[in-house]
Amino acid sequence: MKLVYPACFYEEKEGGYSVEIPDLLGCCTQADTLEEAIEMAEDAALGWILTSIENEEEIPNPSKIQEVKLERENGFVTLLLLDIDQYTEKYGTKKSVKKTLTIPEWLNKRAEKIGVNFSKTLQEALLNKIVNFRKK
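First, a word on what this report is: a plain description of the structure on this page. (Residues numbered from 1 in each chain as written. Predicted model: local features only at pLDDT ≥ 70, side-chain atom pairs only at ≥ 80, totals over all residues. Heavy atoms only, no water.)

This part covers the state of the cysteines. Covalent bonding between the sulfur atoms of two cysteines defines a disulfide. Considering all chains together, one arrives at zero disulfides under this definition. You can see cysteine 27 has no disulfide; the closest cysteine sulfur is in cysteine 28, sitting 6.9 Å from it. Its relative accessible area of 5% is what places cysteine 27 among the buried residues. (Disulfide = S-S within 2.5 Å. Buried < 20%, exposed > 50% of the residue type's maximum accessible area, 1.4 Å probe, protein only.)

Given below as structure tokens:
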């Protein structure tokens, strides 16, 4: 699942960039180049979101980019594309919990026939449900 959040980038007088993700309280970073700042901002935002998910905390809805106000003049706002599934595979908690579930036999046969990874599919569906729950 992918999420899109706005980020505020500021060019610093002494060089480099600082970045704030206004919807994620306290989520900020800095880097020497714009390329590094973008990467660091994505990493910071993904870490913030993953920590919130693991701590069973609510994830704020992203603001619309046109509603984000810069705090300083020497900045710009852009969107970050955050791949939570990829980040979770790399940095998420490795501890697993075994669950037993029941599905219709016809669904099981069709899924097995095309090689569905049941655990991964369930994890993706649950994560999607958790993140989208706040939109209701």
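There is more to say after this.
To continue, consider helix α1 (residues 34-54). Its 21 residues place the ends of α1 30 Å apart at the C-alpha level, agreeing with the 30 Å of an ideal helix rising 1.5 Å per residue. Restricting attention to buried positions, one finds in α1 the residues Ala37, Ala41, Ala45, Leu46, Gly47, Ile49, Leu50, Ser52 and Ile53. Positioned one or two residues after α1, glutamate 56 has a phi angle of 60°, which is positive. (Helix = DSSP H or I, 4+ residues; strand = E, 2+ residues; numbered from the N terminus. Expected span 1.5 Å × (residues − 1).)

Counted by the stated rule, this structure contains one aromatic pair. Between phenylalanine 9 and phenylalanine 76, the ring centres sit 5.2 Å apart and the planes meet at 5°, which makes this aromatic pair stacked. Separated by 67 residues along the polypeptide, phenylalanine 9 in strand β1 (residues 2-11) and phenylalanine 76 in strand β4 (residues 75-83) bring together distant segments of the chain. Since its relative accessible area comes to 0%, phenylalanine 9 is described here as buried. Over the face of the ring belonging to tyrosine 10 we find arginine 72, whose NZ or CZ atom lies 4.4 Å from the ring centre. (Phe/Tyr/Trp six-rings, centres within 6.5 Å; stacked < 30°, edge-to-face > 60°. Lys NZ or Arg CZ within 6 Å of the ring centre and 35° of its normal.)

As a general point, the strands of a sheet are linked pairwise by backbone hydrogen bonds and lie either parallel or antiparallel. Strand order in the open sheet formed by four strands is β3-β2-β1-β4, with antiparallel pairing between adjacent strands. Looking at strand neighbours, the two that pair on one side only are β3 (28-31) and β4, the edges of this open sheet. Pairs of neighbouring strands in the sheet enclose a mean axial angle of 30°, with direction left out of account. Where β1 and β4 come together, nine bridges link them in antiparallel fashion. Bridge pairing in β4 links phenylalanine 9 to phenylalanine 76. (Pairing = 2+ DSSP bridges. Axes fitted to C-alpha atoms, helices over the stretch in contact; angles between N-to-C directions.)

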